[in-house]
Structures are given as structure tokens and as C-alpha cells.
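# Descriptive structure summary
Single-letter residue listing:
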Amino acid sequence: MRWVRWAGAGVLLVVAVAALGVGTYRSLVLPRTEGTIRLAGLAGPVQIERDADGIPTIRAGSANDAAFALGFVHAQDRLWQLETHRRIGAGRLAEAFGEPALGTDRFLRALGVRRAAAAQWARLEPRSREWLQAYAEGVNSFLRDELRARPPEFLLLGLQPEPWTPQDSLAWLIMMAWDLGGNWTTELQRMRLALRLPVERINELLPPYPGEKPRVTADYAALFHSLKVDGKLGAQALAAAPESGIEGVGSNNWVLAGSRTASGKPLLANDPHLKLSAPALWYFARIETPQGRVAGATMPGLPSVVLGQNDHLAWGFTNTGPDVQDLYLERIRPGESGQYQTPQGWESFETFAETIKVKGKPDVSFTARATRHGPVISDGGAAEGLTGPAAAPSYAIAMRWTALDADAGTLEASWEMTSARSVDEFVRATARYVAPMQNMVVADRAGRIAVVSAGRVPLRKPENELKGQVPSPGWEPRYDWVGFLDPTATPREADPARGWIATANQRIHAPDYPHYIGSDWAPPWRMQRIEQMLMAKDRHSIDDMRRMQADELSLATVHLLPLLRQAAPSHPLAAAAKRELEGFDGRMAGDRAAPLIFWAWARHLAQGLFADDAGEAVWNASPRAWREGLQGVMERADAWWCDDKTTPAAETCAQQNDAALARALDELQAAQGPDVAAWRWDRAHQARSEHRPFSKVKALARWFELRAPVGGDTYTLNVSRVTLKPDATTGELYLDEHGPSLRAIYDLGEPANSRFMHSSGQSGIVVSPHYRSFVERWAQVDYVPVWMAPAQQTLVLQPR
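## What to know about the nonpolar core
Counting 235 residues, the largest nonpolar core has Trp 184, Trp 401, Trp 599, Trp 601, Phe 610, Tyr 734 and Leu 797 as the members making the most contacts within it. Looking at this core, the element that brings in the most residues is helix H19 (residues 594-614), giving 14 residues. Those residues within four positions of Tyr 734 in sequence are excluded, and the remaining contacts are Leu 596, Trp 599, Ala 600, Arg 603, Glu 667, Trp 681, Ala 684, His 685, Gln 686, Val 722, Thr 723 and Leu 724. Counting eight residues, the second largest nonpolar core, distinct from the first, contains Tyr 209, Val 457, Leu 485 and Ile 508.

## Let's talk about the packing of helix H17 (residues 555-566) against helix H18 (residues 574-582)
The N-to-C vectors of H17 and H18 enclose an angle of 150°; their axes lie 11 Å apart at closest approach. Considering their axes alone, H17 and H18 lie roughly antiparallel with respect to each other. Where H17 crosses over H18, the two elements pack in a sense that is left-handed. Taken together, the residues of H18 that come into contact with H17 (itself represented by Leu 564, Arg 565 and Gln 566) are Lys 578, Leu 581 and Glu 582.

## Overview of the layout of surface pockets
Looking at the second largest pocket, its volume works out to about 450 Å³. Each residue belonging to the lining of the second largest pocket can be placed in one class, and the counts come to ten nonpolar, eight polar and three charged.

## Observations regarding the state of the cysteines
Applying the stated rule across the entire model yields one disulfide. What pairs with Cys 642 in a disulfide is Cys 653, and their sulfur atoms sit 1.9 Å apart. The sign of the 95° torsion about the S-S bond sets the Cys 642-Cys 653 disulfide as right-handed. Of this pair, Cys 642 sits in helix H22 (residues 639-642) while Cys 653 sits in helix H23 (residues 653-672), and the two are eleven residues apart along the sequence. Accessibility assignment for this pair places Cys 642 and Cys 653 in one class, buried.

## So, empty space enclosed by the protein
Evaluated as defined, the whole model comprises eight cavities of 30 Å³ or more. In this structure, the largest cavity occupies an estimated 380 Å³ of space. Residue lining of the largest cavity: 27 residues in total, with Trp 282, Met 299, Val 306, Phe 317 and Tyr 433 positioned closest to the centre. Elements that contribute at least two residues to the lining of the largest cavity include exactly helix H8 (166-180), strand E5 (267-275), strand E8 (305-310), strand E9 (313-319) and helix H13 (410-418).

Conventions we followed
Residues numbered from 1 in each chain as written. Predicted model: local features only at pLDDT ≥ 70, side-chain atom pairs only at ≥ 80, totals over all residues. Heavy atoms only, no water. Core = buried A, V, L, I, M, F, W, Y, C linked by side-chain atoms within 4.5 Å. Buried < 20%, exposed > 50% of the residue type's maximum accessible area, 1.4 Å probe, protein only. Helix = DSSP H or I, 4+ residues; strand = E, 2+ residues; numbered from the N terminus. Contact = heavy atoms within 4.5 Å. Axes fitted to C-alpha atoms, helices over the stretch in contact; angles between N-to-C directions. Parallel < 35°, antiparallel > 145°, perpendicular 65-115°, else oblique. Left-handed = near helix turned anticlockwise from the far one by under 90°. 1 Å grid on protein atoms, 1.4 Å probe; cavity = no way out; pocket = protein on both sides within 12 Å on 5 of 7 lines; lining within 4 Å. Points joined across faces, edges and corners; volume = space filled by probe spheres on them. Nonpolar A, V, L, I, M, F, W, Y, C, P; charged D, E, K, R; others polar. Disulfide = S-S within 2.5 Å.

Shown next, in the form of C-alpha cells:
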């Protein structure tokens, strides 16, 4: 048996060597957080103190040194995230991830994000250029002098990090505007629906904001038929483009004057709803310079605090949802594919040679094009046949979008906003802000409160009878923009008598507001719930703010619940399901079966009502819940929509209702078993923070991806957007992949009470204890202090 002992000893030796290797790697890949490091590029010493949660406090002698240090700590903790941000902005994902990312790269190259960033860099003011250069130098100093071991993603993919540039920051700022601006997708959706449905039916499927009538437009269904638009037009652009304007991606914010708070000083709350990722989009930091202090949520790739509090005020954002993207059908000259039609005749496309490196495959080259309106987005992401016959397409699709403008002043505005000393200063600073348009609430220590919807809004001609609702003929001058709204004329309000201001992506202005901002507002359910809770008592505390951010009552569910209770299918589980619904009041608690039954029923009902009429291609491509259209159809018992056109029978709305619940019960029985009382919403509805790219690799997803069971839904204040399409990797339904990426509550009377939380942890390095340290607390709606907790580690950066 000696060989057994030798074999056992050998195994132990291998395990010991492996453990030693892992331990050594871990000690090298985690950042140095104590001691002194000498770096070129600093004007003076910088002290970086980290608390127990890994949140740094940066003390610097100048704003540029503070930006340098922020770039340095971003690189220390989030190097792989910076790498993905840089590759997305540059359209270089396939170089790292292979052929599956090629379509996205082609779309991003066609969109011209990197070209727009270079044009914006050329127009930046000297102060902003210095700021971005200092940030980039901080990132690159870490790469040159402190990178002792590459994070696991670089090793597993065989990549080396590359230097950061100021243009990378500007490109990422454009991509954030992309994430929050999805009007172009709605334009394409309306156009594709118009090839199957009349405009009147489209307005029922995509109804206007409650209380409003549909925008009066020309008959665009007739227009597209007359132009012989291909039914596939835009489909592959939608498939290849990064997500944007996803339903449920929005935010909440509200601010209370001292007259409505227990302390007599303003309170401000904010929770932006964005794609959940591992690590989170946000990185907390506190920054102190001779000019003052600021603390809050920074974003790796950008040189400042985006949302937070300084010595004088606090601010928070929600997405306005403006119509700042217009698509144009550009008619291609027959027999001359290099020209397109303009009001003055045929002109040549502007062209850009693009070459994409693809991991494990030959390079892919193509020519990106632009018209007088902007980039041609049907190039690059488009396979053959997108815009007509492959050999001779009839049209191209071009995009006009404010975020691509060369004179974007967003960075300069951000500088002035974060250093403002009063509400008035903050509001004045927003005049230079371009994109993404945001509803910015602000409060100062003097007791003032305000909101301003800041961003560049295009003006359209009165004779534009399509009104930006669908792609417009690019050769007709009446569809061109004619300038921009005066930035001081965007919606705003200050110190209202009611003592509070709130926004939740609802229509942001009164019905008589004279300018067009947009029409694709989020339904007002969250805003109504905020108002209910604020009006429930005269004065509120920080604990009340926390209860609001944790609230799981879905007013949208309350509205539809009577309809679900009317469903009476002949299903063996129907009686048990009815019992679970008896005490259900619309609170989407994770440990209950009722929310799961409700969402499965609503999903199947929408599919039964609309999939046959919208068409399989449009239906499968859309992430919408179609809740507003469903509501209208069932309230008026609309027989046209309720009839399934694919069957010979004429189905009634009651039959559709019964069938939807029956299909839902079949689905849930297969997923969670026959005991309805044991079903749980949070077993299906898990908050998943996706890791790029390892969430798509089953063997690695369990290590890199972050998950937590949650309650809530798309329409609760504690938003957890319900995904209604099966996950491409796991097949799961009802995942929550968009939610409160950040929660913050700011106390203007006692800043030490201010608190915040994001959805992952401070580190993006999977072997760090701070990689997932916030997940459970975030799911429980807990917080950490905005301002300094006791320092656990101190690192000094000295100029070299």
C-alpha cells in the first residue's frame, strides 16, 4: 500500500502548490491599499483612505490630481470594467469575445461612437481637456507602474489591458446616452407594425399617455406601403445594437422641502434603474480638494461624481425620455449605390473605412457611411437584404441624434453642477448639458428645492406631419430639424407650495406646455405611488424615505387584478390559484405565489391578444410587456384584438382571459411543481447582475455572476423589471435584470445621515471580498454612509 501513501502525498503536494499559486495570484491581483507609491503625472501628494467597504476618500491638492487619483482607483478596482467600456465605445468587442460580438461591433462602428468622441474632444474647453487627461493618466499610471497581475478575465481571454484615452471617456458618455435613449427603436417598431396594421390599430397597441390623445400624424402605414419598404427593414439593426430604451429602465427621485421633513431641512432620494451588472455600473468615492468636498456615485471611465452630495447641496437624476433621435429613410440612387437623394439632388455618402479584428477569425472590413442627417445605422450591423435586395438596396436608414453632436457640453456642465453652491447655481450650470436628457432634482442647505429637465431638445418644423414618430423620408426637407429649444425653456420648477417635487419618468410637464419634448413617457404608476406615500403624512424622516424605496405595491397590478379574478379556466390548479389570489392586494412580495401567477397570466394574455396581429418577427423582437395596450383592449372588450386571426373561430375577450390563465398555470406547474401554495415569486424573479462575458459561459457564470431573490416588479417603486422573454443561456423567465442600480438618500440638514448603496460591491475582481459584498444589503434595501466611515487603510500617492 506504499503506492497509496505516495499517491496521497502527491495529491496533497499538488493541492498545496495550487493553493500557494492561488494565494500568490490573489495577493498580486488585489490592489495595494496601504503604503506609499510614487507616480509620474501628479502635481502633489494624494491620500487615499479606504473604509471597511472599500470606498475610497481621495484627498488631493487640486481638481486635476483628484481626477488622476480617481482614474487610479478605478483602474485598481475595476480594470476589466474599464476594458469593456473602452471596447464598447470603440466597437472592438469581437477582438476579445469572438464572432458572436461582430454584429454589435459593426453597428457601433456604423453609428460612429468613436468618431463622435474624437470630434467632441477637438471642441472641448481647455479645463475639461486637462480634467480628462489627468483621469486618463491616473488609469495609465496604474497600468505602467502598479499592475502586478492581470484580473482573471484578461487571463482567461488572453488579453492585455491597453492605455486609456480621453476619447474613451467621451465615447462611454455617449454610450450612457444610448442606454437611456431608445426612441429610435420605437420608430422602427411603428414602421414595421405599419406594414401589417393601420395607424389606428397601432395607436391602440401603443396607446398614448393616460389622458392624452394619440399624436395626429399622416397615415404612415400608407406612406411605407407606397414606398415599398421591405418588411425586414431595421430588423437586424435592432438585433445587433446594444440595448437602449428598455421598458422599465428609468428611475425615481423626489425631494422634500424642510416644511415636509421631521428635521426641518430638505431630504432628497434617488434610485436610477439601469442594467444590473457585475460589477455594478457605479463606484462610490469621496473627493476632497481645496475647492470643497463631494461624495457619491462615480462611473468607471468618467472623471467625476455623477450623482451625489457636496458641502452645499445634493442632486439626483431620472431619465426624461425625450424624443432626441430621428430616423431617416435615405433613398439610394438606382444604379449608383454611393449616392443618396437630398432636397438638392443626389449627393455622395460620406464614407469611413472600418476594419474589425475578430478573435480566431480573419479581420472583417466594411465601409461605414453617413448622410446629411447622421450615420447610416443599417450599415455594419446589417446583413444582406436589410434595406432591400442585397445587390441593389432601395433605402438606407440614417440617424440624427443629439448625443453625437460635436459641441456637446455635458462634461463642462457636470463640472459646474458638482461644484455648485446653491440651487440657482446648479440650475444655471445645466444649460450647457446636452445628453442624456435628465430630470434633475436638487436641494441646498439653505432650504431651496428644484427640478430641471436638462438636455438638448430638437425643434421640428410645423409641416412635419410624421412628428418624429416613425422613420421619415430623408429627401423631404420638412422632416429636418430646425434648431434646438432654448435650454432655459425646458420643464422646471422651484420651491412649490406643496413642499415636494418628484419624477418617475412620467410626462414631466403640464398638458399646456408649449414645446414638444417627447411622447413615449413611462406610465404614471410609480409617480402616483410616490405621491400617495408623500401625501400620507405631513412630515417625513429618512426612515420614511427608505420605506418608499423599499415599497413593493404595484398600482399597475391593482388596476388589472379584477380582470385576473374573472378568469375561470377548467384547469385542475385553477381553484388553488384562486385561493392564492384571494388576499392579494398588489404587493409583489417575493415569498408569495400571487405575483408569479399574475405576471405569468399577464404575459400569456398579451401574447394571446397581440402576437397574431403584430406578427411573429415584431413580437419576438420586442421586450415590451404591452401592458397599456392590454389594459385598453380588455377594458373596452375589443373583439377585433381578442379574436385570434390564426384560428377559424372568433375568440372572445373572456375566452382569451381564461386561456391565458390556463397556459400560465401549465407553465408554472412545470417550473415549480403542482403545489400552488408552495410557489414563490422570488424563485423565478431573481435579480441577476450580468457579467460580461462570463454570464454566457455556464461553467463560469456561477463565479462571476451575482444573483439575489427579490420582490417587486416593473411598476413598483422598488423596481425590479420583469423580463418576459426566456433567457438566451438558461431559458429562465421573469428574471430581474434592470433595477435600482443605485439607491441614495441625502440629508441636507445633517449630511452624516446621508446614505447610499449599489448592487454589487466596490471591486470588480472576483477574488476580492468586495466583489459581492453589497448584494445582500442591496436586496434588503440597506445602505452605507455617503460620508466618511472610519478609515481602514491609507495609501499615499507621491509625485515622481
